[in-house]
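# Working through the structure, step by step
As a plain string of letters, each chain reads:
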Amino acid sequence: MLKPILETSHLLRQRKISPVELTRQCLAQIEKLNPTLNAFITITDDAALAQARDAEREIMNGRWRGPLHGVPLALKDLIDTAGVRTTAASAVFKDRIPTEDAEVVTRLKHAGAVLLGKQSLHEFAYGGSSVISYYGAVHNAWNPAYIAGGSSGGSATSVAAGLCYGAIGTDTSGSIREPAALCGVVGLKPTYGRVSAHGVIPLAPSLDHVGPIARSVTDVALMLQAIAGHDPRDKTSVNVPVSDYVTEITRSPQSFKIGIPRKFFYEDLDPEIASAVEQALDVLRAIGGQISETEIDIPTDRSLQTSESYAYHAGFVQRSPELYQPETLRRIRRGEEVTTAEVAQSRLDLQQRREKIAGIFASFDVLVTPTTAVPAPVLADLQQDPDQLRPRELLLLRNTHPVDVWGLPAISVPCGFTASGLPIGLQIIGPHWGESKVLQLARVYEESTTWHKLVPALAG
């Protein structure tokens with residue numbers, strides 16, 4: 001299994017291993033496991049090896065760029081890459097080749113990362129299962145009979161199976177954290193506006209976030225460090241100074257005030273998830289967490305997401321509706337029903353909710369919830385009964401969606417497994433621009449448990 005990014009980075013800088021060697025290992029793992037997992041849509045073998053050789057030369061000549069230099073990563077396939085197709089897992093864009101990199105890609109290249117290719121997802125990111133795709137469903141690395149979650153399913157299962165050291169996903173309703181939880185890896189959704197969305201195919205611009213997925217909290221912090229920061233080309237980007245996340249997460253706090261919003265977030269949980277999360281709370285208490293319950297007004301309306309998705313797709317839908325998967329087309333067309341007045345009210349409500357939620361952190365450093373209410377469903381069950389697909393997705397995304405509305409930073413870390421071997425995730429939510437707090441508590445929890453050290457059998 002791949003070593004953590006931080007450890008790998010030290011070995012690379014000391015020239016004990018080669019970026020070319022690491023890249024070949026990842027490409028070999030992709031060749032071996034992608035037929036089973038369907039995690040990648042496009043694999044950029046030649047370009048990745050060329051980037052690895054460049055990184056090797058730079059490191060050998062003492063021009064080390066930082067901890068991602070020479071490290072093989074991958075991208076969700078709705079993040080633009082110049083000269084490399086970006087499909088959003090749809091026939092609509094199957095031949096689309098951008099001429100410019102997304103800002104997050106530019107920053108990764110500047111950091112010296114090696115980019116292996118583009119990972120599969122739920123078509124146009126409009127779903128939480130990665131079952132609906134022009135390129136076929138994504139499978140869970142822990143058991144390919146189960147879904148990997150979505151929409152960043154290809155990214156999460158790739159990291160779990162060791163196809164790459166980390167990946168960049170997107171999160172509009174939970175699409176980083178939910179698949180991270182189902183695949184037993186770490187996924188971080190930063191504060192809204194923390195990471196540029198320029199060059200990322202939108203689902204709903206008012207809710208879209210870009211963030212990292214990796215095997216450890218420290219690795220996620222390293223990736224966030226490279227991609228965070230203001231981008232004047234992105235109107236949703238906010239000019240707030242970027243913290244030194246990697247240094248700050250090593251400063252273990254003496255205590256943490258942790259809010260537990262049991263109403264809504266802890267209701268109707270799968271018994272095994274409920275048990276695992278309660279055990280996680282016991283760990284947090286043991287390491288100094290001051291835990292108390294709280295109630296929060298929960299946003300559940302999705303009309304803004306629906307309307308913004310339709311606004312982006314309206315022209316494509318009118319010209320070539322047959323190129324969409326039928327279920328995606330159905331979801332997009334629901335946006336036709338949302339009136340202009342409803343959109344205006346939804347945007348006002350969104351701003352008010354983001355302002356109001358900040359008040360909860362006068363009493364708490366973070367909030368902690370289960371990431372998902374249920375474990376990963378069986379893939380075949382959702383394929384055989386399409387009527388159950390959207391309800392199951394909405395249940396999987398129930399605990400993550402409100403955090404996108406609030407625009408708060410949140411992370412999912414592994415906190416257990418079901419009896420059948422499926423991962424369970426714990427969600428830690430912080431205040432706006434409070435990524436350091438979220439990462440600190442997540443790292444302390446991770447160091448107190450061993451869940452993140454377990455790997456799928458097929459990745460051995």
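These numbers were taken from a predicted model, which means no experiment stands behind them.

Scoring rules and cut-offs
- The residue numbers shown here count from 1 along each chain, following its written sequence.
- The predicted nature of this model means local features are confined to residues of pLDDT at least 70 and side-chain atom pairs, given and counted, to a pLDDT of 80 or more, with totals for whole chains, interfaces and linings taken over all residues.
- With hydrogens and water stripped out, all remaining heavy atoms of the structure feed into the side-chain values.
- Following DSSP output, two strands are said to pair if at least two bridges run between them.
- Elements are defined by DSSP. Helices are runs of H or I of four residues or more, strands are runs of E of two residues or more, and each kind is numbered from the N terminus.
- Angles run from 0 to 180 degrees between N-to-C directions of axes, and those axes are lines fitted to C-alpha atoms, restricted for helices to the stretch in contact.
- When accessible area is computed with a 1.4 Å probe and restricted to protein chains, residues below 20% of their type maximum are described as buried, those above 50% as exposed, and intermediate ones as partly exposed.
- Any two residues whose heavy atoms approach within 4.5 Å at even a single point are treated as in contact.
- The set of buried Ala, Val, Leu, Ile, Met, Phe, Trp, Tyr and Cys residues whose side-chain atoms join them within 4.5 Å is what this entry labels a nonpolar core.

### Observations concerning the sheet that holds strand 2 (residues 72-76)
Reading across the sheet, the 11 strands line up as 1-3-2-6-8-7-12-13-11-9-10 and stay open at both edges, with mixed pairing between neighbours. A single partner strand is all that each edge strand has here, and the edge strands are strand 1 (40-43) and strand 10 (289-293). The sheet shows a mean angle of 30° between the axes of neighbouring strands, direction not considered. Here strand 7 (residues 186-189) runs beside strand 8 (residues 209-214); their pairing, made up of 2 bridges, is antiparallel. Bridge pairing in strand 8 links Gly187 to Ile213.

### Description of the environment of Tyr312
Following the sequence through the fold, Tyr312 ends up in helix 11 (residues 303-319). Taking relative accessible area as the criterion, Tyr312 reaches 28% and is therefore assigned partly exposed. Distance from Tyr312 to Leu203, taken between C-alpha atoms, is 7.8 Å for residues 109 residues apart in sequence. Excluding residues within four positions of it along the chain, Tyr312 makes contact with Phe93, Ile201 and Pro202.

### Brief notes about the environment of Phe93
Secondary-structure assignment places Phe93 in the loop between strand 2 and helix 4 (103-110). Take Phe93: its relative accessible area is 7%, and that puts it in the buried class. Sequence separation of Phe93 and Leu323 is 230 residues, and the distance between their C-alpha atoms is 9.0 Å. Not counting residues within four places of it along the chain, the set of residues in contact with Phe93 comprises Thr86, Thr87, Ala88, Phe124, Ile201, Tyr312 and Phe316.

### Thoughts on the pairing of strand 11 (residues 366-370)
Note on strand geometry: in a regular strand, side chains alternate between the two faces of the sheet. Counting buried positions over the 5 residues of strand 11 gives 5, a clear majority of the element. Direction of pairing for strand 9 (residues 256-260) relative to strand 11: parallel, over a ladder of 2 bridges. Among the inter-strand pairings, Gly259 is bridged to a residue of strand 11, identified as Leu367. Note: strand 11 against strand 13 (residues 423-429), 4 bridges, orientation antiparallel. Among the inter-strand pairings, Thr369 is bridged to a residue of strand 13, identified as Gln427.

### Comments concerning unusual backbone geometry
Most peptide bonds adopt trans geometry, and most residues besides glycine take a negative phi value. The step from Gly150 to Ser151 runs through a cis peptide bond, and the omega angle for that step is 10°. Looking at the secondary structure, you find Ser151 in the loop between strand 5 (143-147) and helix 5 (153-161). Its identity is not glycine, yet Phe264 carries a phi of approximately 85°, on the positive side. Residue placement: Phe264 occurs in helix 9 (residues 262-265). The buried category is assigned to Phe264, whose relative accessible area is 17%. One non-glycine residue, Asp268, lies in the positive phi region at around 55°.

### Things to note about the nonpolar core
Among soluble globular proteins, nonpolar side chains are generally buried collectively. Counting residues in hydrophobic clusters, the biggest one holds 123 residues, and the most contacted among them are Leu73, Val368, Ile411 and Leu439. In terms of residue count, the dominant contributor to this core is helix 7 (residues 217-227) (8 residues). When residues no more than four places from it in sequence are discounted, the contact partners of Val368 are Ile258, Gly259, Ile260, Pro261, Tyr266, Leu281, Leu284, Leu426, Gln427, Ile428 and Leu441. Listed in part, the 13 residues of the second largest apolar core include Leu182, Val374, Ala376 and Leu389.

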